[in-house]
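A structural walkthrough
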Amino acid sequence: MNRAPETPPHPSGDKRFKLLDVAIKRHQFRQDALIELLHAAQELFGFLDSDVLIYIARALRAPPSRVYGVATFYNFFKMRPAGEHTCTVCMGTACYVKGAGAILAALEREHGIRAGETTSDQRLSLVTARCVGACGLAPAVVVDETLEGRLTPEATLERVRQITRAASPAETKP
Ligand code: FES
């Protein structure tokens, strides 16, 4: 008897994997939905790192080499954010109605970039996501890997200033 397919254990406590599971189940674990699932993952995470690619490969029971091959073949898939730090502003419905647009606009103004871009000093990449799985904390922002909830534009700017002003490893070398 065939067992019903299941999603693999999550590689971290990041709630966005739960949302990725929803997309995987909606596509019934089909390998021919790989591109749609990579799009869904990129919308959730902002880019596709190896944890995410391996997770998708395991869920679809597809060879990781194939998943990597597809993700690297298309230039609309980003394998990593270009900047040293990443700020992901959730623009899902719950966050949007609680002011995510004002947060994004404040970040764009302060750093002189638009969503999807990286500052010229490569310090910060600004990305948006559709829902990061923390609607109860809306508006939510993921700063590097840390989820921050119930933020105001000013608190978000301050949080991002803290990480971008911290000395980078290159600057601490003698
Ligand atoms: S809509 Fe932002 S966390 Fe769900």
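Owing to the predicted nature of the structure, the values given are computational and were not obtained by experimental measurement.

**Brief notes about the sheet that holds strand E4 (residues 146-148)**
- The strand order across the open sheet formed by four strands is E2-E1-E3-E4, and the pairing between neighbours is mixed. The sheet is open, and its two edges are formed by strand E2 (124-129) and E4, each paired on a single side. Shown here is a sheet whose adjacent strand axes are inclined to one another by a mean of 20 degrees, direction ignored.
- Relative to E4, strand E3 (residues 141-143) runs antiparallel, the two being bridged by three bridges. Bridge assignment links valine 142 to a residue of E4, and that residue is leucine 147.
- Across the face of the sheet, helix H6 (residues 100-111) comes into contact with strand E1 (85-90), E2 and E3 while running at roughly 150 degrees to E1.

**Comments concerning helix H3 (residues 50-60)**
- When we look at burial in H3, the residues that qualify are Val52, Leu53, Tyr55, Ile56, Ala59 and Leu60. Projected onto a plane normal to the axis of H3, the buried residues spread over an arc of 160 degrees and lie on a single side.
- Residues of H3 that are buried sit in contact with helix H1 (16-26), helix H2 (34-45) and helix H4 (64-73).
- Downstream of H3 by a residue or two, arginine 61 has a phi angle that is positive, lying close to 55 degrees.

**Section: the domain arrangement of the protein chain**
- Here the protein chain is described as being made up of domain 1 (16-73) and domain 2 (85-166).
- Each of domain 1 and domain 2 has a C-alpha centre, and these two points are 24 Å apart.
- Facing the six residues of domain 1 at the interface are eight residues of domain 2.
- Elements with a minimum of two residues in the side of domain 1 that touches domain 2: H1 and H2.
- Ranked by residues supplied to the side of domain 1 that touches domain 2, first place goes to H1 with three residues.
- Within the side of domain 1 that touches domain 2, the residues separate by chemical class into two nonpolar, one polar and three charged.

**Thoughts on the packing of H2 against H3**
- Put simply, H2 and H3 touch, their axes get as near as 11 Å, and they point 140 degrees apart. The hand of the H2/H3 crossing is right-handed. Mapping the contact onto sequence places Leu34, Leu37, Leu38, Ala41 and Phe45 in H2 and Val52, Ile56 and Leu60 in H3.

**Examining the nonpolar core**
- The biggest cluster of nonpolar side chains holds 41 residues, and the ones touching the most others in it are Ala41, Ile56, Cys90 and Val141.
- Where this core is concerned, the elements lending two or more residues are H1, H2, H3, H4, E1, H6, E2 and E3.
- Residues lining this core come from more than one domain, with at least three contributed by each of domain 1 (16-73) and domain 2 (85-166).
- If near-sequence neighbours (up to four positions away) are discounted, cysteine 90 is found in contact with Cys95, Ala100, Ala129, Cys131, Val132, Pro139, Ala140 and Val141.

**Let's talk about unusual backbone geometry**
- That bond from alanine 138 to proline 139 is cis: its omega, 0 degrees, falls within 30 degrees of zero.
- Within the fold, proline 139 resides in the loop between E2 and E3.
- Even without being glycine, phenylalanine 29 reaches a positive phi, approximately 60 degrees.
- For phenylalanine 29, the location among the structural elements is in the loop between H1 and H2.
- Take phenylalanine 29: there are 17 C-beta atoms within 10 Å of it, and that puts it in the partly exposed class.

Reading guide: rules and limits
Residues numbered from 1 in each chain as written. Predicted model: local features only at pLDDT ≥ 70, side-chain atom pairs only at ≥ 80, totals over all residues. Pairing = 2+ DSSP bridges. Helix = DSSP H or I, 4+ residues; strand = E, 2+ residues; numbered from the N terminus. Axes fitted to C-alpha atoms, helices over the stretch in contact; angles between N-to-C directions. Contact = placed C-beta atoms within 7 Å. Buried ≥ 20, exposed ≤ 12 C-beta atoms within 10 Å, placed from the backbone. Arc of directions from axis to C-beta. Domains from an automatic or database assignment. Nonpolar A, V, L, I, M, F, W, Y, C, P; charged D, E, K, R; others polar. Left-handed = near helix turned anticlockwise from the far one by under 90°. Core = buried A, V, L, I, M, F, W, Y, C linked by C-beta atoms within 7 Å.

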